[in-house]
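These are the residues of each chain, in order.
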Amino acid sequence: MAKVDALKWKTVSIIQKWYDPNGEIANEIKSGKITIADAKIKYRKNLIGEYIKYGNIILDGGATVILQLLTGVSGINPFNNANAQICVSDNNTAPSPSQTDLDGTNSACLPMNSGYPSVSGSTATFQSTASTSQANFSWYTWGLFNGVTYLNAVQVNMGTKTSNETWTITVQLQVST
């Protein structure tokens, strides 16, 4: 029997929450001066928690952008360091493929940390940091955004971020057969 084409898309999102009233941790992580692994050692007493979520929904517009980038359509923003953002929202409605925004009363789009996105093998990794002055509201939804189109969306209650905290969100997209 012939093998049927099958493409698997796996998403893992990891959120670290840090007590960081002076913004020191945020500055080090955003600038790439310290990795998450090193921050966990250096600032172990400041780590409030780490949360992992598996799964997402690819949005229709995101699927179109993937195909446009694959076929070289001009004028399409790539999901690179200059354009890619991880956006978060307080919208607690399950995402649907046809949506074009995260909606919600509060939302924020966070630029990529230095050195992101990166690709290793069949996994692309995106990472953004919300410093003490950014995205201080309940986080229920996140999505990857290229400045024009959302690629995907994930609904997960990540809690409520406060102005004494820095949150880092790392998103790993893996493609396999």
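Just above, that's the structure.
Sequence order as written defines the numbering, with residues in each chain counted from 1. Residue-level local features of this predicted model are given only where pLDDT is at least 70; pairs of side-chain atoms are given and counted only at 80 or more, and the full residue set underlies all totals for whole chains, interfaces and linings. The side-chain figures draw on all heavy atoms in the structure; neither hydrogens nor water molecules are used.

Let us now look at the pattern of salt bridges. Salt bridges are defined by distance alone: a side-chain nitrogen of Lys or Arg within 4 Å of a carboxyl oxygen of Asp or Glu. On inspection of all chains with the given rule, the structure shows two salt bridges. Across the pair Glu28 and Lys42 runs a salt bridge, and its minimum N-O distance is 3.2 Å. Placement of Glu28 in helix α1 (residues 24–30) and of Lys42 in helix α2 (residues 36–42) is noted, with a sequence separation of 14 residues between them. Summary of the burial criterion: residues with accessible area below 20% of their type's maximum are buried, those above 50% are exposed, and those between are partly exposed, where the area comes from a 1.4 Å probe applied to protein chains only. Relative accessible area serves as the criterion here: at 15%, Glu28 is assigned to the buried category. Assessed through its relative accessible area of 49%, Lys42 is described here as partly exposed. In DSSP terms, a helix is any run of H or I states spanning at least four residues, a strand is any run of E spanning at least two, and both are numbered starting from the N terminus.

By size, the foremost hydrophobic cluster in this structure holds 25 residues, and its most contacted members are Ile86, Phe126, Trp139, Trp142, Leu144 and Val171. Broken down by secondary-structure element, the contributors of at least two residues to this core are β4 (85–89), β5 (107–111), β7 (123–130), β8 (138–145), β9 (152–160) and β10 (165–176). It is β10 that contributes the most residues to this core, four residues altogether. We call two residues contacting when some pair of their heavy atoms lies within 4.5 Å. Beyond its immediate stretch of four places on either side in the chain, Leu144 contacts Phe79, Gln85, Ile86, Phe126, Thr149, Tyr150, Leu151, Asn152, Val171 and Leu173. Residues Trp18, Ile34, Ala39 and Tyr43 belong to the second largest nonpolar core, which totals seven residues. Buried Ala, Val, Leu, Ile, Met, Phe, Trp, Tyr and Cys residues form a nonpolar core when they are joined through side-chain atoms within 4.5 Å.

Quick look at the sheet that holds β8 now. If DSSP finds at least two bridges between two strands, the strands pair. If you walk across this open sheet you meet the five strands as β3-β9-β8-β4-β5, and the pairing is antiparallel. Pairing within the sheet leaves two strands with one partner each, and these edge strands are β3 (57–58) and β5. The pairing of β8 with β9 spans four bridges and is classified as antiparallel. Its bridge partner lying in β9, Trp139 is registered against Gly159.

Tyr116 connects to Pro117 through a cis peptide bond whose omega is -5°. As for its position among the elements, Pro117 is in the loop between β5 and β6 (118–120). The phi dihedral of Asp103 falls on the positive side, at around 60°, and the residue is not glycine. For Asp103, the position within the fold is in the loop between β4 and β5. Look at Asp103 and you get partly exposed, because its relative accessible area is 45%. Backbone geometry places Ala135, a non-glycine residue, at a positive phi of 55°. Along the chain, Ala135 turns up in the loop between β7 and β8.

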